[in-house]
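# Commentary on secondary and tertiary structure
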Amino acid sequence: MRRTITGISPKVLTQRLRELEADGLVWREQENTIPPKVTYGLTKTGFAVHAVLKNIEKIEV
């Protein structure tokens, strides 16, 4: 994810992902490997918010 999102430091990205997880918008799974592999995904609530934001994006002002 860090490679695809530009303009954000690893520290800030981690903070934002933890906030989204705490808000129930994303889930997080960590594998105990070296180095640790972490996977994120949208929850049902996250998908719902994503759909709303995509619809707002389509609205012409």
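The structure reproduced in this document is the subject of the present report. Everything quoted here is computed from the prediction, not taken from an experiment. (Residues numbered from 1 in each chain as written. Predicted model: local features only at pLDDT ≥ 70, side-chain atom pairs only at ≥ 80, totals over all residues. Heavy atoms only, no water.)

### Description of the overall build of the protein chain
- When helices and strands are counted, the protein chain shows two helices and two strands.
- What you see in the protein chain, going N to C, is helices and strands ordered as α-β-β-α.
- Here the protein chain has a C-alpha radius of gyration of 14 Å; the compact-globule value for 61 residues is 10 Å, and the former is much larger.
- Dimensions of the protein chain along its principal axes, counting C-alpha atoms only, are 50 × 25 × 15 Å.
- Counting over 61 residues, the protein chain shows a buried share of 11%.
- Contacts in the protein chain between residues far apart in sequence, at least 24 positions, make up 5% of those at least 6 positions apart. (Helix = DSSP H or I, 4+ residues; strand = E, 2+ residues; numbered from the N terminus. Rg over C-alpha atoms; globule rule 2.2 N^0.38 Å. Buried < 20%, exposed > 50% of the residue type's maximum accessible area, 1.4 Å probe, protein only. Contact = heavy atoms within 4.5 Å.)

### What to know about the environment of Asp23
- One can find Asp23 in the loop between helix 1 (10–22) and strand 1 (26–31).
- Assessed through its relative accessible area of 57%, Asp23 is described here as exposed.
- When the C-alpha positions of Asp23 and Ile56 are compared, they lie 21 Å apart, and in sequence the two are 33 residues distant.

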